[in-house]
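Architecture at a glance
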Amino acid sequence: MMNDADATPIRLLVVEDNPDDVELLGLALERADPVRRYELSRVDNANDFVDALDRPCDAILCDFNLPRFSPYAALQILVTRRITTPLVVVTRAIGEEAAVHVLRCGAKDYVTKDRLGTLPQIIDRVMAERQRALEKERLDRELDAAYRRLKTLSARLVVAQERERSVISRELHDQLGQALTGVVIHLHAAQRAPSAEVARHHTQVAMESASAAVEQIRTLSFSLRPAQLDLLGLVVAVQTVVQQKAEPSGLRFRVSSRGPEPGKGSETAPVAMRLVQEAVTNVVRHAKATEVVVRLRFLPDGRMGVLVVDDGVGFDKSQVLDGHPSERNIGLYGMIERTELAGGRLCIRTRPGRGVCIRAVL
């Protein structure tokens, strides 16, 4: 009983000037392989050959001795048109030197007309070789595309790192640096104070500035990586982050989770926490929302889903995410970059007046 592969006919383009030889070729194939069906179409010149290449073809059988055409001309046409259909030379008899030369020019094999019984095996082999070559080309293209994506992501990683360093540097300079400078100034003033009361005043101001600097360090440290993330896990860390950002602005919030949370050392947990942190910051700053909902879903194989939804004003996604990072969209692009660098994907759904839904799978 034939299977589906056997029922599919093999389409052969036969380059032959003698119709009787084509008929003999078909009979030989039928006798050698009665299970398989072969569809033969004949051409005997370059123009017809070129026209025939526009139709599907599994293999080309080309006579060596033709008055108006040759296997060399056929191979040249295949190369010019970048067609990978295998060509097999079928001939009465050629010398060893001619056989080697035609193979070097691109023919996949040759068979003499007194040994046509081996032709089905040769056709199967050259078709399989072509399929492997096509598969290799496909894998090479995918590998090249993956390499280009990796280069792009690597470049974006460097940009993201430099951007975060710039933010940290600005925080240190504008806030912590100024606070510590104030401490030094007031301590010097206390040393040169004309009276004990003035010295106490400057010392008190210096202590207050030092306390403010300590609080700024704690805030900066928490924004970089909350201690709760390592001590108590992602859910508690996310609850703390959302609470710290939402409560001062009067924003209602809900945080929920589903599924067993992975243990310590999860590579995706810091990414999820930073996504929630950035998303809620955007809600507080821009959304004019009354409520934000954060959901964490722990999936099999260490995967994780993050959902942040607000009821704010939303935005026009095509205008804001226009392919050009700027001050108004740098947070959103940062979230996208962070997710992709972690091997995940992020989807933003929004419309003006309909709030924002950010969904990430890590």
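All chains use their own residue numbering, which begins from 1 and follows the written sequence. Whole-chain, interface and lining totals are the exception, using all residues; otherwise, since this is a predicted model, local features are given only for residues with pLDDT of at least 70 and side-chain atom pairs are given and counted only at 80 or more. Values shown for side chains rest on all heavy atoms present in the structure; no hydrogens or waters enter the calculation.

Examining the nonpolar core
In plain terms, the rule: Only buried Ala, Val, Leu, Ile, Met, Phe, Trp, Tyr and Cys residues count toward a nonpolar core, and they belong to the same one when joined by side-chain atoms within 4.5 Å. A 1.4 Å probe rolled over the protein chains alone gives each residue an accessible area, and that area as a share of the maximum for its type sets the label: buried under 20%, exposed over 50%, partly exposed in between. Helix numbers and strand numbers start at the N terminus; a helix is a DSSP run of H or I with at least 4 residues, a strand a run of E with at least 2. By definition in these notes, contact holds between two residues if any of their heavy atoms fall within 4.5 Å.
If you look at the biggest cluster of nonpolar residues, it comprises 41 residues, and the most contacted ones within it are L234, V238, V276, V294, L346 and I348. Element by element, the count of residues in this core is highest for helix α10 (residues 269–287), at 10 residues. Sequence-distant contacts of V276, that is, excluding residues within four places in its chain, are made with V238, V242, V294, V306 and V308.

Observations concerning the environment of R328
Position of R328 among the secondary structure elements: in the loop between α11 (317–320) and α12 (330–341). When its relative accessible area of 53% is taken as the criterion, R328 is described as exposed. In the structure, R328 is positioned 42 residues away from H286 in sequence and 10.0 Å away in space, judged by C-alpha atoms. Excluding residues that lie within four positions of it along the chain, R328 makes contacts with Q319, V320 and D322.

So, the sheet that holds strand β7 (residues 291–298)
As a reminder of what qualifies: When DSSP finds two or more bridges between a pair of strands, those strands are recorded as paired. Here an axis means a line fitted to C-alpha atoms, over the contact stretch when the element is a helix, while the angle between two N-to-C directions is reported on a 0 to 180 degree scale.
Pairing in this open sheet of five strands is mixed, and the strands run β6-β7-β8-β10-β9 from one edge to the other. Strands with a single pairing partner mark the edges of an open sheet, and in this sheet they are β6 (252–258) and β9 (345–350). Averaged over all adjacent pairs, the angle separating strand axes in this sheet is 10 degrees, with direction ignored. Two strands pair when backbone bridges link them, and β9 and strand β10 (residues 356–361) are joined in this way by six bridges, in the antiparallel orientation. Bridge pairing in β10 places L346 opposite A360.

Worth remembering: the numbers are spatial, not functional.
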